[in-house]
Amino acid sequence: AGDTLVLIRREDGSLSRPPNESQREKGRKTGAGHTQNCFICRKYKKGYQHATWWCVSCHMPLCKKSRVDPANGRVATCLDEHLNPDCEQTPLGCKGVIQMQKFVMPATMRIEHNMSS
């Protein structure tokens, strides 16, 4: 069993960046966690959503926080959508093996909603 989402690690095994000067002055021994952009969020928004978690099986960066918003077409969490069997054959589905480091969202998969500011 175990967790489906784990913190993003770099190749050297680190979970965080070294502390910056301000963090050192406050006594911190580690900096912010490593982040990547959530692949599922790219489907729903033009900008990027930083994530510190990834799928334990394939290392796809995913949000742990629920961003469900039916008004914007989001009816599942990033993890639930990633693990959904209907998504398995798309670039966003979990293949169970580490396979991609870079990803460009195909235009045909984008769900863009014009939101009033």
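The structure under discussion appears in the preceding block.
So, a few notes on the structure that sits alongside this text. (Residues numbered from 1 in each chain as written. Predicted model: local features only at pLDDT ≥ 70, side-chain atom pairs only at ≥ 80, totals over all residues. Heavy atoms only, no water.)

1. A closer look at the overall build of the chain
Argument step 1. A count of helical and extended segments in the chain gives three helices and five strands.
Argument step 2. Along the chain, helices (α) and strands (β) appear in the sequence β-α-β-α-β-β-β-α when read from the amino end.
Argument step 3. The buried share of the chain, taken over its 117 residues, is 32%.
Argument step 4. Within the chain, counting contacts between residues at least 6 apart in sequence, those at least 24 apart form 49% of the total.
Argument step 5. Only carbon and sulfur atoms are counted for the fraction: they give 51% of the accessible area of the chain, which is about 7,800 Å². (Helix = DSSP H or I, 4+ residues; strand = E, 2+ residues; numbered from the N terminus. Buried < 20%, exposed > 50% of the residue type's maximum accessible area, 1.4 Å probe, protein only. Contact = heavy atoms within 4.5 Å. Areas by Shrake-Rupley, 256 points an atom, 1.4 Å probe, with all protein chains shown as cover.)

2. Considerations on the sheet that holds strand β1 (residues 5–7)
Remark on secondary structure: sheet strands pair via backbone hydrogen bonds, oriented parallel or antiparallel.
Argument step 1. With respect to topology, three strands assemble into an open sheet ordered β1-β4-β5, the strand pairing being antiparallel. Two strands lie at the open edges of the sheet, namely β1 and β5 (61–62), each paired on one side alone.
Argument step 2. Taken together, the three bridges between β1 and strand β4 (residues 53–55) define a ladder with antiparallel strand orientation. Within β4, the position partnered with leucine 5 by the bridge is cysteine 55. (Pairing = 2+ DSSP bridges.)

3. A word on the packing of aromatic side chains
Argument step 1. Within the structure shown, the criterion is met by zero aromatic pairs.
Argument step 2. Looking at lysine 64, its charged tip hangs above the ring of tryptophan 53, at a distance of 4.0 Å from the centre. (Phe/Tyr/Trp six-rings, centres within 6.5 Å; stacked < 30°, edge-to-face > 60°. Lys NZ or Arg CZ within 6 Å of the ring centre and 35° of its normal.)

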